[in-house]
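Structural features, examined
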Number of protein chains: 2
Amino acid sequence: MHRVIALDAMGSDRAPKPEIEGAIQASRRFGIHVALVGPEEILQAELSRHPFSGSLPITIVHASEVITMEDKAVQAVRAKRDSSMRVGSRLVREGKAAAFISAGNTGAAMATAKMVLGGLPGVDRPALVAIIPTAVGTVSTLLDVGANVDCKPHNLEQFAMMGEIYFRSMFGTPRPRVGLLSIGEEEGKGNELTRESYPLLKQLPINFVGNVEGRDIYNGKVDVIVSDGFVGNVALKTSEGVANLVRSTLKETLAATITRQVGYLLSRSAFHDFKKRLDHTEYGGAPLLGIKGACFITHGSSNVNAIKNAVRVANDFAERDITAHIEKEMAALHPAEVPEEVKVDD
Amino acid sequence: MHRVIALDAMGSDRAPKPEIEGAIQASRRFGIHVALVGPEEILQAELSRHPFSGSLPITIVHASEVITMEDKAVQAVRAKRDSSMRVGSRLVREGKAAAFISAGNTGAAMATAKMVLGGLPGVDRPALVAIIPTAVGTVSTLLDVGANVDCKPHNLEQFAMMGEIYFRSMFGTPRPRVGLLSIGEEEGKGNELTRESYPLLKQLPINFVGNVEGRDIYNGKVDVIVSDGFVGNVALKTSEGVANLVRSTLKETLAATITRQVGYLLSRSAFHDFKKRLDHTEYGGAPLLGIKGACFITHGSSNVNAIKNAVRVANDFAERDITAHIEKEMAALHPAEVPEEVKVDD
C-alpha cells in the first residue's frame, strides 16, 4: 500500500491555493501520495484548474469545517468536530495516513494532534521543533518553540531526549551534540529552570555539550538546542525580526544610487542563493514530537514551495519511522514506569 | 566645572587600545572630558603614543587591579577593591564623574555599579537596556537584557516604568509605546510571568500597547520592550547569531562567481551603509537603569567607534539627568513607600 500524507488544505493564509499546488508539486516530483483534507467542493474546484492533476496520486478527504487563525485553539478543537485539522489527525490515528501537515492556527493544530492522537508513554508534553540553517551550511534544531510555557526540568529532559532521537534518526548523525539554551556557558549560569535541568540532561545517554547561548542556534556548534517553549518561541520570532530588518535595510541601501543598482543586477544571483539558503520554506514544517503519530506544523504564510517541502519532509519522517524510535527509546529511558493511559477524546 | 565621563580603560578584549583611542576621538570630536581608569603606567605609555593627546581634556585615574572575563563576577568585585571598575564607579558616587563606562565582564560591571552606587528607592532590581536599530530607521529599547533572571511581575512593572522614562527623556518622544515581550498579542497569551505582569503594566501611567512578539523588537512598532532578563538576553544573543549568519552567507554567495564579485564592488558602498545602520557600535553602550548614577556597559568586542559612541551617549545621558528623572518618577509612583536603606559596601 502507498504511504499517504494527509495535508490540511485549509490551513495557510491563502488556502487552499498553496496547499493544492504544493501537493501537486510534491506528488509530481517525489511521487508522494497526498490526501487533501477540507471541503470537497472547494478543493475539487481548485484541483480542476490543474488539468494534469487527475493523473497524480492525490485524493480528497472531505471535512466540512475550518479552524481559523481567529479561533481560540482549545475551544475550536472541541467545537469543530469535523474540521480539516481534526479529520486529518484522525486519518493518522486510523492508520490511513502516515503523517498530517497543517499551516493553520498553530495552537489549534497542536491541540488537535495531542487530543486525537494522544501522547507517547514517557512524554509529559510534546514539543514543536524548528529546523534552522546554520552559518556552516548545516541545520540545527531548536525545541520547544511554542507548545509549552512554564516548563519544568523533567520537560526539558524529555525534550533533550526526543530532539536527540529525532536529529539522529532524521539526519543520520551518530552522536548529535545537544545543548541547553542559557545565558552563559558555565553550569551555574542561567535561571532556575536551566540550573535545575542541567544535571538531568548531563545524565542522559546523549552527547550533552552543556549550556549554549542564543548565537549558537545559528553557528553550527550544536545540533539540538533545548529550551522552554516561551523562550524558544521568542528566539524564533526575534530571528524573523532580524531577518526582516536585514532584508529591508539591504534593499533600501542597494536602491539608493544607480551604481549600486547596477552592482545589484550583477550580483543578483548571489542574492537568490542567499535567500534560498536562509529561506525557512526550504526546510519543511516543524515536527511535533512526542505524540502517537507524525504531525507537522508549517507557517501560516507558507507558499507553494513551503508546502511541497513540508510534504517531502513529512514523508521522510514517516519513512524513517521516527515516532517508533522515539516511543522505543523513551520507554527504555524509564523502564520501570507504567505508561499512563492517554484519554483520546474523539 | 567640566562634566567628566569615567571610562574603564581595561575592559574590552583588546584593552586598553580601543578605550584610549575611543576616548581621544570622543574628546577631540565632542569636547568631552574623559577620565581613563586603570594602571597609570600602562595607560600613560599608551596615551603617549598619541602625540596630540596632551592637549585634550583626558586624565588618568589610577587603579591597580583589573577584573577579567574569567573572574567570577561577585567574588571579583569583593576581592579586587582597587579594580578599574570599582575605582570608576567610586568616581561617580563621589561626584567626580557624571557617568561610568565599562566594556569588561558584564556581570562584574553590573555588580560593581550596584554595590558601589546602590539602587534608587522604588527599584528592586536595576535593568540593563539594549538600544536596537529598527527597520524603519528608528531605535527601540529592550530591557532587561542580562541583569535579572527569574523576574517577578513587580520587577517587570518597574522595568516598564524605567524604560519609558529613559526613552522619553533620552529621545524626546512624548509618549513612548511600551510593550510586554510575549508569544502572542492577546492579553491571555504568554507564560505565568507575562500573564501576571500584564495587568500591572496596564495600570501604569504609560502608553502600554500590550503584548508584543520577538519580531516587534526590530520593526519599529514599539519603543520600549519589557522582558525578564533571561529572555531578553537570549533574544539579544540570538539576534547576534542571525546577523552573523547573514553576514557569512552573503559573503560566501557574493564571492562565488566573477560577475557577482564585480557586482559586489559596484554596490560596495551600499554594504558599508548597511553595515553602519545595523552596527551596534553606532549606538553606544547599554545603560544600567535604577542605580544612583549613570553606568554604561559596552560589548567586550568594542572597537574604537563603539567606545567613542559610548562616551558620547553617556555624556548625553548625564546631560539630560536621566537618573534624576527616574528617581523622581519612580518615587511618585508609590509615594507611600518609605525608601529602603541601601547598604553601600565600599
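The shown structure was predicted, so the numbers you read here are calculated from the model rather than taken from an experiment.

A tally of helices and strands in chain A yields eleven helices and eleven strands. Since a compact globule built from 346 residues should have a radius of gyration of about 20 Å, the 21 Å found for chain A is in line with a globular shape. On the principal axes, the C-alpha backbone points of chain A span a range of 65 × 60 × 35 Å. The buried share of chain A, taken over its 346 residues, is 58%.

Another point: the packing of helix H8 (residues 229–254) of chain A against helix H8 (residues 229–254) of chain B. Where H8 of chain A contacts H8 of chain B, the axes come no closer than 9 Å and their chain directions differ by 40°. Put simply, H8 of chain A runs oblique to H8 of chain B. Where H8 of chain A crosses over H8 of chain B, the two elements pack in a sense that is right-handed. Facing Val231, Val234, Ala235, Thr238, Ser239, Val242, Ala243 and Val246 of chain A of H8 of chain A, the residues of H8 of chain B in contact are Val231, Val234, Ala235, Thr238, Ser239, Val242, Ala243 and Val246 of chain B. Split into classes, the residues belonging to the contact of H8 of chain A with H8 of chain B amount to twelve nonpolar, four polar and no charged.

Attention shifts here to the interface of chain A and chain B. Each side of the interface is counted separately: chain A has 53 residues, and chain B has 53 residues. For the side of chain A that touches chain B, the secondary structure elements donating two or more residues are H8 and helix H9 (258–278) of chain A. Ranked by the residues each element gives to the side of chain A that touches chain B, the list is headed by H8 of chain A, at 21 residues. For the side of chain A that touches chain B, the per-class residue count stands at 25 nonpolar, 18 polar and ten charged.

This part is about the nonpolar core. In this structure, Ile5 and Ala99 of chain A together with Ile5 and Ala99 of chain B are the most contacted members of the largest nonpolar core, which totals 227 residues. Setting aside chain neighbours within four positions, we find Ala99 of chain A in contact with Ile5, Ala6, Val92, Ala294, Cys295, Phe296, Ala314, Phe317 and Ala318 of chain A.

Residue and element names in this part refer to chain A. Here we have eleven strands laid out as an open sheet, ordered S3-S2-S1-S4-S11-S10-S5-S6-S9-S7-S8, and mixed in their pairing. Two strands lie at the open edges of the sheet, namely strand S3 (58–62) and strand S8 (207–212), each paired on one side alone. Averaged over neighbouring strand pairs, the angle between their axes works out to 25° when direction is ignored. In this structure, strand S2 (residues 33–38) lies alongside S3, joined through five bridges in parallel fashion. Within the sheet, the bridge partner assigned to Ala35 lies in S3 and is Thr59. Sitting on the sheet, helix H6 (residues 153–171) is in contact with strand S5 (127–133), strand S6 (139–143), strand S7 (177–181), strand S9 (224–226) and strand S10 (286–289), with an inclination near 165° to S9.

Glancing now at unusual backbone geometry. Excluding glycine, a negative phi dihedral is what most residues carry, and trans is how most peptide bonds are arranged. Residues and elements named next belong to chain A. Cis geometry is adopted by the peptide bond preceding Pro16, which originates at Ala15 and carries an omega value of 0°. Within the element layout of this structure, Pro16 appears in the loop between strand S1 (4–8) and helix H1 (17–30). For the bond running from Leu143 to Asp144, omega is 0°, close enough to zero to count as cis. Checked against the element boundaries, Asp144 lands in the loop between S6 and H6.

This brings us to the packing of H1 of chain A against helix H10 (residues 304–319) of chain A. Residue and element names in this part refer to chain A. One way to put it is that H1 packs onto H10 with a least axis distance of 7 Å and a crossing angle of 50°. The angle between H1 and H10 falls in the class oblique. The two elements H1 and H10 cross, and the hand of that crossing is right-handed. Every residue of H10 that contacts H1 at Pro18, Glu19, Glu21, Gly22, Ala23, Gln25, Ala26 and Phe30 is listed here: Val304, Ile307, Lys308, Val311, Arg312 and Asn315. For the contact of H1 with H10, a count of residues per class yields seven nonpolar, three polar and four charged.

The side chains of a regular strand alternate between the sheet's two faces. Residue and element names in this part refer to chain A. Neither face of strand S4 (residues 99–102) is exposed, since Ala99 and Ile101 on one face and Phe100 and Ser102 on the opposite face are all buried. Sheet analysis places S1 next to S4, joined by three bridges and oriented parallel. Note that in S4 the partner of Ile5 across the bridge is Ala99. Examined bridge by bridge, S4 and strand S11 (residues 295–297) share three bridges and lie parallel to one another. Residue pairing for S11: Ile101 is matched across the bridge by Phe296.

Residues and elements named next belong to chain B. The strand order S3-S2-S1-S4-S11-S10-S5-S6-S9-S7-S8 describes an open sheet built from eleven strands, whose pairing is mixed. Lying at the two open borders of the sheet, with one neighbouring strand each, are strand S3 (58–62) and strand S8 (207–212). Taking each pair of neighbouring strands and ignoring which way they run, the sheet shows an average axis angle of 25°. Pairing analysis gives five bridges linking strand S5 (residues 127–133) to strand S6 (residues 139–143), with the strands arranged antiparallel.

Here Asn309 of chain A is to be found in helix H10. Along the chain, Asn309 of chain A and Gly285 of chain A lie 24 residues apart, while their C-alpha atoms are 7.7 Å from each other.

The subject of this paragraph is the domain arrangement of chain A. How big an interface is tends to be stated in terms of the accessible area lost upon association of its parts. Residues and elements named next belong to chain A. Domains assigned within chain A are domain 1 (1–123 + 290–346) and domain 2 (128–282). Each partner contributes to the interface: domain 1 provides 19 residues, whereas domain 2 provides 13 residues. For the side of domain 1 that touches domain 2, the secondary-structure elements that each account for two or more residues are helix H5 (106–117), H10 and helix H11 (322–333). No other element matches the six residues that H11 contributes to the side of domain 1 that touches domain 2.

Our next topic: the relation of the copies chain A and chain B. Each copy superposes on the other: chain A lies on chain B with an RMSD of 0.0 Å after a rotation of 180° and an axial shift of 0.0 Å. Here the symmetry operator amounts to a two-fold rotation axis. Nearest to the rotation axis, the C-alpha of Gly263 of chain A is located 1.8 Å from it, this being the minimum over chain A. Both copies present the same face, since 100% of the interface residues in chain A are matched by interface residues at the equivalent positions in chain B.

Here the focus is H6 of chain A. All names here are of chain A. Compared with an ideal rise of 1.5 Å per residue, which puts 19 residues at 27 Å, H6 spans 27 Å between its outermost C-alpha atoms and is within 8% of the ideal. Within H6, 15 of the 19 residues are buried, leaving the element largely enclosed by the surrounding structure. Positive backbone phi, approximately 70°, marks Gly172, located one or two places after H6.

All names here are of chain A. With seven of its seven residues buried, S5 lies for the most part within the structure. Where burial is concerned, the two faces of S5 agree: the one with Ala127, Val129, Ile131 and Pro133 and the one with Leu128, Ala130 and Ile132 are both buried. Remark: five residues form the turn of the hairpin made by S5 and S6, two consecutive strands paired antiparallel; Gly137 in that turn has positive phi of roughly 85°.

Residues and elements named next belong to chain A. If you check H1, its first and last C-alpha atoms are 20 Å apart, about what 14 residues at 1.5 Å a residue would give, namely 20 Å. Taken together, the buried positions of H1 are occupied by Pro18, Glu19, Ile20, Glu21, Gly22, Ala23, Ile24, Ala26 and Ser27. Packing partners of the buried residues in H1 comprise S1, S2, helix H2 (40–47), S3 and H10. Positive backbone phi, at 65°, marks Gly31, one or two positions downstream of H1.

All names here are of chain B. Note that Ser48 resides in the loop between helix H2 (40–47) and S3. We classify Ser48 as exposed; it has 10 C-beta atoms within 10 Å. With 244 residues separating them along the chain, Ser48 and Lys292 place their C-alpha atoms 34 Å apart.

What follows covers the environment of Glu65 of chain A. All names here are of chain A. Counting through the fold element by element, Glu65 comes out in the loop between S3 and helix H3 (73–79). Taking the C-alpha atoms as reference, Glu65 lies 7.4 Å from Gly38; in sequence the two are 27 residues apart. Dropping the residues within four chain positions of it, Glu65 is found in contact with Lys80, Asp82 and Ser83.

Calculation rules
- Residues numbered from 1 in each chain as written.
- Chains lettered and ligands numbered in written order.
- Predicted model: local features only at pLDDT ≥ 70, side-chain atom pairs only at ≥ 80, totals over all residues.
- Helix = DSSP H or I, 4+ residues; strand = E, 2+ residues; numbered from the N terminus.
- Rg over C-alpha atoms; globule rule 2.2 N^0.38 Å.
- Buried ≥ 20, exposed ≤ 12 C-beta atoms within 10 Å, placed from the backbone.
- Axes fitted to C-alpha atoms, helices over the stretch in contact; angles between N-to-C directions.
- Parallel < 35°, antiparallel > 145°, perpendicular 65-115°, else oblique.
- Left-handed = near helix turned anticlockwise from the far one by under 90°.
- Contact = placed C-beta atoms within 7 Å.
- Nonpolar A, V, L, I, M, F, W, Y, C, P; charged D, E, K, R; others polar.
- Core = buried A, V, L, I, M, F, W, Y, C linked by C-beta atoms within 7 Å.
- Pairing = 2+ DSSP bridges.
- Domains from an automatic or database assignment.
- Least-squares fit on C-alpha atoms with pLDDT ≥ 70 in both.
- Expected span 1.5 Å × (residues − 1).

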